[in-house]
Amino acid sequence: MSIISFFVVVFILWLIFFFIFLPIGLEIPESHEFGHANSSPKKTYLFLKIVLSLITSLLISVSFYYFIKSSF
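Computed from a prediction, not measured in an experiment: that's the story for all the values here.

Section: the overall build of the chain
Thought 1: In terms of regular secondary structure, the chain is built from two helices and zero strands.
Thought 2: Relative to the globule expectation of 11 Å for 72 residues, the C-alpha radius of gyration of the chain, 18 Å, shows a markedly less compact shape.
Thought 3: Principal axes of the C-alpha set define a box for the chain whose edges measure 60 × 20 × 15 Å.
Thought 4: Counting across all 72 residues of the chain, residues that qualify as buried make up 17%.

What follows is the structure, given as structure tokens:
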């Protein structure tokens, strides 16, 4: 596995895990502000979700890399 293919795998896994983590922890407020959508969350925790998906995708990609490089 080359470096480019490793980063492609990391990116694809990051996208998958990012969209999996997006709805986690969202809270819809009872009272809505004027001009906002009724489904807009209070806080999205977007940075935390980006970091968690990056860590998860890196761990899985590294395990894939070692599995491919091993003699299984």
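After presenting the structure, the write-up continues.
Quick word on a nonpolar patch on the surface
Thought 1: Where nonpolar side chains cluster on the molecular surface, the patch consists of Ile4, Val8, Phe11, Ile12, Leu15, Ile16, Phe19 and Ile20 and spans about 790 Å² of accessible area.
Thought 2: Positionally, Ile20 belongs in helix α1 (residues 3-21).
Thought 3: For Ile20, a relative accessible area of 46% gives the class partly exposed.

Digging into unusual backbone geometry
Thought 1: For Tyr45, which is not a glycine, the phi torsion comes out positive at approximately 55 degrees.
Thought 2: Mapped onto the elements of the fold, Tyr45 is located in the loop between α1 and α2 (46-69).
Thought 3: Using a relative accessible area of 41% as the deciding quantity, one classes Tyr45 as partly exposed.

Describing the packing of aromatic side chains
Thought 1: Under the counting rule described, the total for this entry stands at seven aromatic pairs.
Thought 2: Centroid distance Phe11 to Trp14: 6.4 Å. Interplanar angle 20 degrees. Geometry classified as stacked. Highlighted residues: Phe11 and Trp14, both in helix α1, separated by three residues, approximately one helical turn.
Thought 3: Phe11 sits in the partly exposed class, given a relative accessible area of 49%.
Thought 4: Aromatic pair Phe18 and Phe19: ring centres 5.8 Å apart, planes at 65 degrees, arrangement edge-to-face.

Examining the pattern of salt bridges
Note on pairing: side chains with opposite charge can pair once their charged atoms come close.
Thought 1: Following the criterion strictly, the structure yields one salt bridge and no others.
Thought 2: Put simply, Glu27 and Lys42 hold a salt bridge, and the shortest N to O gap is 3.9 Å. Placement of Glu27 in the loop between α1 and α2 and of Lys42 in the loop between α1 and α2 is noted, with a sequence separation of 15 residues between them.

What counts and what doesn't
Residues numbered from 1 in each chain as written. Predicted model: local features only at pLDDT ≥ 70, side-chain atom pairs only at ≥ 80, totals over all residues. Heavy atoms only, no water. Helix = DSSP H or I, 4+ residues; strand = E, 2+ residues; numbered from the N terminus. Rg over C-alpha atoms; globule rule 2.2 N^0.38 Å. Buried < 20%, exposed > 50% of the residue type's maximum accessible area, 1.4 Å probe, protein only. Patch = residues over 30% accessible without salt bridge, like charges linked within 9 Å, V, L, I, M, F, W, Y side chains within 5 Å. Areas by Shrake-Rupley, 256 points an atom, 1.4 Å probe, with all protein chains shown as cover. Salt bridge = Lys/Arg side-chain N within 4 Å of Asp/Glu carboxyl O. Phe/Tyr/Trp six-rings, centres within 6.5 Å; stacked < 30°, edge-to-face > 60°.

The values reported here are purely geometric and, on their own, carry no functional implication.
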